[in-house]
Every structure is written in structure tokens, then in C-alpha cells.
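Spelled out, the chains give:
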Amino acid sequence: RQLGYIDNDGILNSLNKKLENAEEQYKKGQKEAAKNMLEALINEVTVQTDKHIKKTFVDPFSADITAFVTTL
């Protein structure tokens, strides 16, 4: 948000919550649940591309999350 990639606080809060929930599940050893939450995060980012999230953010962010998901 501070860098201008996301223009909506509600979207930002939703993304942050998904990341926090995925981290909690991962720490509990619930890797499949964490994976599902991260995939939902990617889906939300994709849906919001060019609406409330700039594409310049989406591509590298999605690539990083996808790479992490493959390690779970």
C-alpha cells in the first residue's frame, strides 16, 4: 500500500489475513491447509489485478508464492 501497488485497505487487510492464516497453519504442521490458503491468496491477487492491485506487483508476488507452495 505504501508503495502504491495496492490502492484499497480492505484488499490489503484480506491479503494480510490470508498470509497470517497460512503461516499459522504451516507452523501447526498443516501444510496442505497452508498451501490451500496461499493458493487462495494468489487467486485473490489475480482477481484484483488492474482493479486494486497493479500488475507490476502481481507477477513477481505470484511467482514467489507459487515457488514457496511447491516446497510444501
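Figured I'd write up the structure that's included with this text. Quick caveat, the model's predicted, so the values are computed rather than measured.

The rules we used
- Residues numbered from 1 in each chain as written.
- Predicted model: local features only at pLDDT ≥ 70, side-chain atom pairs only at ≥ 80, totals over all residues.
- Heavy atoms only, no water.
- Helix = DSSP H or I, 4+ residues; strand = E, 2+ residues; numbered from the N terminus.
- Rg over C-alpha atoms; globule rule 2.2 N^0.38 Å.
- Buried < 20%, exposed > 50% of the residue type's maximum accessible area, 1.4 Å probe, protein only.
- Contact = heavy atoms within 4.5 Å.
- Areas by Shrake-Rupley, 256 points an atom, 1.4 Å probe, with all protein chains shown as cover.
- Lys, Arg positive; Asp, Glu negative; His and termini not counted.
- Charge placed at Lys NZ, Arg CZ, Asp CG, Glu CD.
- Axes fitted to C-alpha atoms, helices over the stretch in contact; angles between N-to-C directions.
- Parallel < 35°, antiparallel > 145°, perpendicular 65-115°, else oblique.
- Left-handed = near helix turned anticlockwise from the far one by under 90°.
- Nonpolar A, V, L, I, M, F, W, Y, C, P; charged D, E, K, R; others polar.
- Expected span 1.5 Å × (residues − 1).
- Arc of directions from axis to C-beta.
- Phe/Tyr/Trp six-rings, centres within 6.5 Å; stacked < 30°, edge-to-face > 60°.

Each helix and strand counted, the chain has 3 helices and 0 strands in total. Sequence-ordered secondary structure for the chain, helices as α and strands as β, is α-α-α. For the chain, whose C-alpha radius of gyration is 12 Å, the value lies close to the compact-globule estimate of 11 Å for 72 residues. Taking all 72 residues of the chain together, the buried fraction comes to 26%. Of the contacts made within the chain by residues no fewer than 6 positions apart, 55% connect residues no fewer than 24 positions apart. For the chain, the accessible area works out to roughly 4800 Å², and carbon and sulfur atoms hold 51% of it. Averaging the coordinates of the 10 positive side-chain charges in the chain and doing the same for the 11 negative ones gives two points 2 Å apart.

Attention now moves to the packing of helix α1 (residues 9–27) against helix α2 (residues 31–48). Orientation of α1 relative to α2, taken along the N-to-C sense of each, is 165 degrees, at an axis distance of 7 Å. In this view, α1 runs roughly antiparallel relative to α2, as classed from their interaxial angle. Crossing hand, α1 versus α2: left-handed. Of the residues in α2, those in contact with I11, S14, L15, K18, L19, N21, A22, Q25 and Y26 of α1 are K31, A33, A34, M37, L38, A40, L41, E44, V45 and Q48. A breakdown of the residues in the contact of α1 with α2 according to their chemical character gives 12 nonpolar, 4 polar and 3 charged.

For helix α3 (residues 55–69), built from 15 residues, the straight-helix expectation of 21 Å at 1.5 Å per residue is met to within 8% by its first-to-last C-alpha distance of 21 Å. All of the buried residues along α3 are V58, F61, S62, I65 and V69. Buried residues of α3, viewed axially, fall in a sector of 105 degrees; they line one side. Exposed side of α3, more than 90 degrees from the buried face: T56 and D64 are the residues found there.

The subject of this paragraph is the packing of aromatic side chains. Counted under the stated rule, the structure contains 3 aromatic pairs. Members of the aromatic cluster, joined through ring pairs, are Y5, F57 and F61.

Remember that the coordinates give geometry; whether it matters functionally is a separate question.
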